[in-house]
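Coordinate analysis (summary)
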Amino acid sequence: MDYLLNNLNSILKRTYEHLYIVSISLIISMILGIIIGILISRDKKIASITLKMISILFTIPSLSLFGILISILSPFKLGIGKFPAIIALIIYTLLPITRNTYTAIISIDKGIIESAKGMGMNWGEIIRKIIFPLSIPLLMAGIRNGFVLGIGVGSISFLIGAGGLGYYIFEGIERSNNNMIFTGVITISFLSVFINYSLYFIERSLTPKGVRK
Amino acid sequence: MIEFINLSKKFKEKYAVKNLNLTFNDGEISVLIGPSGCGKTTTLKMINRLIEPTEGNIKINNKSIFDFDEISLRRSIGYVIQEIGLFPHYTIYKNISIVPELLKWEKGKIDKRVNELMDLINLPRTYLNRCPKELSGGEKQRIGVARALASDPEILLMDEPFGAIDPINRKSLQDFFVELQKALKKTVIFVTHDILEAIKIGDRIGIMKDGEMIQFDKPQEILKRPKNKFVEELLGVNRNILRLTLNKVLDFVKKDFKIINKDEVKEIKNFNDSLYIIKNENNYDGFILKKDFEKGRDCIREIVFINENENFLDTIILLLSKGEKVAVIKCIERGIMGYVEINDLIRAFEKEEYELSN
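Residues numbered from 1 in each chain as written. Chains lettered and ligands numbered in written order. Predicted model: local features only at pLDDT ≥ 70, side-chain atom pairs only at ≥ 80, totals over all residues. Heavy atoms only, no water.

1. Concerning the overall build of chain B
The helix and strand tally for chain B stands at 14 helices and 16 strands. For chain B, the C-alpha atoms occupy an extent of roughly 80 × 55 × 35 Å along the three principal directions. Counting the 358 residues in chain B, one finds 51% classified as buried. Excluding contacts between residues fewer than 6 apart, the proportion of contacts in chain B whose partners are at least 24 apart in sequence is 57%. For chain B, the accessible area works out to roughly 17,800 Å², and carbon and sulfur atoms hold 47% of it. Within chain B, the 56 negative side-chain charges are centred at a point lying 2 Å from the centre of the 58 positive side-chain charges. (Helix = DSSP H or I, 4+ residues; strand = E, 2+ residues; numbered from the N terminus. Buried < 20%, exposed > 50% of the residue type's maximum accessible area, 1.4 Å probe, protein only. Contact = heavy atoms within 4.5 Å. Areas by Shrake-Rupley, 256 points an atom, 1.4 Å probe, with all protein chains shown as cover. Lys, Arg positive; Asp, Glu negative; His and termini not counted. Charge placed at Lys NZ, Arg CZ, Asp CG, Glu CD.)

2. What to know about the confidence of the model for chain B
The predicted model of chain B averages 86 in pLDDT, with 97% of residues at 70 or higher. What the predictor reports for the complex is a pTM of 0.76 with an ipTM of 0.73. (pLDDT = per-residue confidence, 0-100.)

3. Points about helix 13 (residues 312–322) of chain B
Residues and elements named next belong to chain B. The complete set of buried residues in helix 13 reads Phe312, Leu313, Thr315, Ile316 and Leu319. Summarising the axial view, the buried residues of helix 13 lie within an arc of 165 degrees, below the 170-degree limit, and thus occupy one face. As for helix 13, its buried residues are in contact with helix 11 (239–246), strand 14 (304–306), strand 15 (326–331), strand 16 (335–341) and helix 14 (342–357). At the N-terminal end of helix 13, a side-chain oxygen is found 3.1 Å from the backbone nitrogen of Leu313, two or three residues along, and the residue is Asn311. (Arc of directions from axis to C-beta. Polar contact = N/O pair within 3.5 Å; in protein donor to acceptor, adjacent residues only side chain to side chain.)

4. Here we look at the pattern of salt bridges
Residue and element names in this part refer to chain B. According to the stated counting rule, one finds 23 salt bridges over all chains in the structure shown. The closest approach of N and O atoms between Glu70 and Arg49, which form a salt bridge, is 4.0 Å. Taken together, the residues span a long stretch of sequence, with Glu70 in helix 2 (residues 70–75) and Arg49 in the loop between helix 1 (40–47) and strand 4 (55–60) at a distance of 21 residues. Overall, the relative accessible area of 30% leaves Glu70 in the partly exposed class. (Salt bridge = Lys/Arg side-chain N within 4 Å of Asp/Glu carboxyl O.)

5. Description of the packing of helix 4 (residues 62–73) of chain A against helix 5 (residues 82–106) of chain A
Residues and elements named next belong to chain A. One can describe the packing of helix 4 onto helix 5 by two numbers: an axis separation of 10 Å at closest approach and a directional angle of 130 degrees. As far as their axial angle goes, helix 5 and helix 4 are oblique. Crossing geometry of helix 4 relative to helix 5 is assigned as right-handed. Residue-level inspection shows Ser62, Leu65, Phe66, Leu69 and Leu73 of helix 4 in contact with helix 5, the latter providing Phe83, Pro84, Ala85, Ile87, Ala88, Ile91 and Tyr92. (Axes fitted to C-alpha atoms, helices over the stretch in contact; angles between N-to-C directions. Parallel < 35°, antiparallel > 145°, perpendicular 65-115°, else oblique. Left-handed = near helix turned anticlockwise from the far one by under 90°.)

6. Focus: unusual backbone geometry
Residues and elements named next belong to chain B. Positive phi, normally seen in glycine, also occurs at Asn6, with a value near 45 degrees. Within the secondary structure layout, Asn6 lies in strand 1 (residues 2–11). On the accessibility criterion, Asn6 (39% relative accessible area) is partly exposed. Although it is not a glycine, Lys104 sits at a positive phi angle of roughly 60 degrees. Along the chain, Lys104 turns up in the loop between helix 4 (98–102) and helix 5 (107–120).

7. Some thoughts on the domain arrangement of chain B
Residue and element names in this part refer to chain B. The domain architecture assigned to chain B consists of domain 1 (2–245) and domain 2 (249–355). Relative to domain 2, the C-alpha centre of domain 1 lies at a distance of 39 Å. Domain 1 puts eight residues into the contact, and the matching count from domain 2 is seven residues. Between domain 1 and domain 2, a total of about 730 Å² is buried, with carbon and sulfur atoms accounting for 58% of that surface. The largest contributions to the domain 1 side of the interface with domain 2 come from Arg243, Leu244 and Thr245, which together make up 67% of the buried area. Where domain 1 packs against domain 2, one counts zero salt bridges. (Domains from an automatic or database assignment. Buried area = accessible area lost by both parts, 1.4 Å probe.)

8. Side note on helix 5 of chain B
All names here are of chain B. An ideal rise of 1.5 Å per residue puts 20 Å on 14 residues; helix 5 measures up with 20 Å between its terminal C-alpha atoms. By the burial criterion, the buried members of helix 5 are Ile110, Arg113, Val114, Leu117 and Met118. The buried side chains of helix 5 occupy one side of the element, clustering within an arc of 135 degrees when seen end-on. Against the buried residues of helix 5 lie helix 3 (92–96), helix 4 and helix 6 (137–149). The first or second residue beyond helix 5 is Asn122, which carries a positive phi of 65 degrees. (Expected span 1.5 Å × (residues − 1).)

Given below as structure tokens:
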């Protein structure tokens with residue numbers, strides 16, 4: 001506890017660093033994931049292939065992914081630091097977001113879309129007025145999943161020089177300093193829980209009354 | 001007026017709809033019926049271009065649907081489907097006002113129209129702030145109809161609109177729709193697989209099979225003269241009984257009746273009218289038939305009331321089940337309109353049957 005209080009400043013700095021990496025990658029991953037999700041929802045075959053490919057990326061262990069990224073990116077002098085970390089996090093968080101976007105869209109009642117079309121809504125209006133509001137619960141759940149996942153994987157990205165809260169865990173292990181390890185674990189867990197709940201409340205307030213459970 | 005000219009739709013070399021040439025009259029309900037896969041829904045969806053025809057043309061008031069922009073064509077045609085398709089995240093108000101919103105009506109006009117529609121479909125205005133999930137299936141489908149009528153389109157396309165609703169509610173929705181149509185006189189194309197529904201609401205019925213129109217005619221004609229074995233089978237063994245549902249009792253009403261007060265009964269000496277209805281303050285106690293009275297029996301009988309739109313079949317069943325021979329027609333607005341006798345109904349039907357067989 002003493003360690004925690006004495007190093008509050010650097011903990012906050014590293015928390016900020018951690019959140020920075022995760023948020024940037026999440027924003028990019030959200031944009032990509034939602035666009036991919038919408039595009040693949042129009043064709044079942046393409047959807048299944050795309051989702052399979054993203055799942056394969058998802059199953060690569062994080063440490064090996066960092067290794068792969070280092071070898072790919074180092075010719076461009078981008079092998080270590082925040083850049084490969086963000087790329088890796090995008091790859092990891094893409095699956096829950098894309099999959100949930102896709103599931104949200106295809107699970108909307110066919111009759112609703114058909115009515116909308118039959119009443120003369122164009123594709124843009126259908127997305128904006130019908131599909132988007134109805135997908136919010138699942139979409140937000142995907143983003144929530146991605147964020148929490150990102151915070152976890154983000155701690156490993158310390159190993160490639162991206163900074164963040166992983167520092168306390170890995171340095172703690174190195175130095176056999178239990179206080180440091182403890183600090184890392186506590187802050188990361190707290191961050192996950194906090195983000196998870198905040199996003200949950202945002203999700204609830206964005207969900208239209210008529211589709212709330 | 002909607003015209004089909006050599007209209008066909010092919011899905012991968014196979015005809016789903018084959019060379020239809022038809023005219024749907026204004027202000028009529030035209031029902032398309034047939035087994036699943038006969039092309040009835042495809043036909044319907046070609047009218048608002050949810051499905052593009054492969055060959056031929058459709059003209060609405062002499063203008064080809066291809067001369068319309070697809071989106072504005074759909075906005076000018078009401079569309080109701082089986083799944084109802086109310087938007088769960090919108091209130092009833094917003095659901096009904098979708099097309100007017102798309103057409104950019106001003107707020108006051110939309111408000112007025114939505115309220116008007118709620119009165120028309122007989123649902124309280126307090127429903128407007130509710131969500132679709134708070135309504136029953138039948139209520140939702142009424143809202144679906146209101147939504148389709150929102151911009152007052154001339155044409156209404158309905159794809160098995162009452163198909164997913166339980167039989168009791170379905171019957172009342174059909175009655176509701178028939179009443180509504182009397183007032184609105186829309187040009188309705190209605191797809192169903194329920195022959196009873198088709199006969200009940202259709203001004204014209206089109207029977208389809210394998211993408212072709214087998215017979216397109218008034219329900220009476222189809223029931224009297226089915227074109228081939230397939231139509232006969234579709235109509236079922238009860239074909240003749242179904243015809244009874246098309247004949248209205250109002251055509252056989254007799255008006256030689258008199259309403260008298262209870263205390264006047266004993267004073268009757270000479271019967272001028274054949275039927276006396278006995279009134280007791282605001283209720284009707286029973287009736288006396290002239291022929292019964294002459295036989296000198298104690299002859300006040302219980303009245304079987306029917307409404308003015310009742311058909312032969314329902315009236316005959318009701319009378320048989322009550323063991324009576326006379327039904328009194330009572331209209332909500334106009335009171336007692338007359339009476340019908342079961343024998344007249346049966347005789348009229350027999351006469352029709354005889355004419356058909358000759």
